[in-house]
Amino acid sequence: MKLNHWLNIVRLTILLGLPLLIGNEINAQALVPGTGTQVPEVGDDFEDPTWEYQLNLPKVFNHGETTVAHNLPGGAAINGRWYEGSKRGQPDTMRRVVTPAGGLSGSTTALALRSLQTGSNRPTFQQQQDDLIASVSNRVGKISVAQSPSVVTRVWFPPVDQWERRSGCHFAFRMAIETESGPIQSASYRGRNVTTIGESWPGFFVNLDYQQPAGATAASPAPRAYLWMKADQRGQQINGPEITQTGWWTFGISLSPDGQVHYFAKPGIEDLTAADHIASSYPHGQRTVNLRNFFFNVCNGDDGRTWSSEFVIDDPSLFVVR
């Protein structure tokens, strides 16, 4: 079964004209996120004192109890830049806070995100997530990879001992993209091969391995925090660097005209450079066509009692080259 799955990926890769990657090899110049011109209609600096998000409860849940169609109007920021997704609900709390120390020059406020009920209105006792979606396609239309779009954000991590005591993903920064899923034979096109458009959600995930034994002391090994990315050519996670310092980090994801997704990250708030490149891939062996949106995930164990770790975001921005 695994061999057949791999052979199917190879066949699809060849049909799409993609390079066949083994592991996470880079075979194209990675576009540094933040290159080009910022798109002012997208993103946010959270400086407006009238900034407000209207939850419009009940929220959408991930387990089929509700859908946006039943919950309209969905949650949205009054500035029109953020909204509740159709598959999962928005974070339970979104608070403008004083920018944590060491933030961007001139920034006085940022946005803190946290959730309690992430998967259902009844505890699922499984890792679940809420989404805060930055509106791109509704404000400026889909962005073709021919324009080399990229997104950049700063994220503040609390000290690891303040994170939810759970192994797994705690936070994520991702894109919603359209991809070429491959040529198929279509009767509606008189049997000709046509390229179908699929969708994918690549991005960064902030993980914690929390394996503290009972009776752990200050001298016990600290839980391990690290980044991983979704996904490589075969749909598997790409392992990233360990998080050895908390506080501010800068993240960027870019799309190049050849359809690759490029991941960049580093501690601090300085602009990204080529040295901050971590990986590039055609997620799931598919070539990217358009950027639809980008979004943040807030994750917890959905036990009905424990809040997610609180992360703070600032200045999420969209750039295009042409």
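You'll find the structure just up there.
Residues numbered from 1 in each chain as written. Predicted model: local features only at pLDDT ≥ 70, side-chain atom pairs only at ≥ 80, totals over all residues. Heavy atoms only, no water.

Enquirer: An account of the pattern of salt bridges is requested, with residue identities and associated values reported.
Expert: In the structure shown here, the tally under the stated rule is 13 salt bridges. For Lys 59, the salt bridge is made with Asp 130, and the minimal N-O distance between the two is 2.7 Å. Of this pair, Lys 59 sits in the loop between strand E2 (53–54) and helix H2 (68–71) while Asp 130 sits in strand E7 (residues 128–134), placing them 71 residues apart in sequence. You can call Lys 59 buried: its relative accessible area is 5%. (Salt bridge = Lys/Arg side-chain N within 4 Å of Asp/Glu carboxyl O. Helix = DSSP H or I, 4+ residues; strand = E, 2+ residues; numbered from the N terminus. Buried < 20%, exposed > 50% of the residue type's maximum accessible area, 1.4 Å probe, protein only.)

Enquirer: Provide a residue-level description of the side chain of Ser 150, including the pertinent values.
Expert: Along the chain, Ser 150 falls in strand E9 (residues 150–157). Relative accessible area serves as the criterion here: at 0%, Ser 150 is assigned to the buried category. A distance of 3.0 Å separates a polar atom in the side chain of Ser 150 from the backbone nitrogen of Gly 34. Non-local contacts of Ser 150, meaning those with residues more than four positions away in its chain, are made with Pro 33, Gly 34, Thr 35, Ile 253, Ser 254, Ser 317, Leu 318 and Phe 319. (Polar contact = N/O pair within 3.5 Å; in protein donor to acceptor, adjacent residues only side chain to side chain. Contact = heavy atoms within 4.5 Å.)

Enquirer: Describe the pairing of strand E18 (residues 287–300), with residues and values.
Expert: Counting buried residues in E18 gives 13 out of 14 residues, a clear majority hidden from the surface. In the sheet, E7 pairs with E18 via seven bridges, with the strands oriented antiparallel. By the bridge assignment, Leu 132 is partnered in E18 with Phe 296. (Pairing = 2+ DSSP bridges.)

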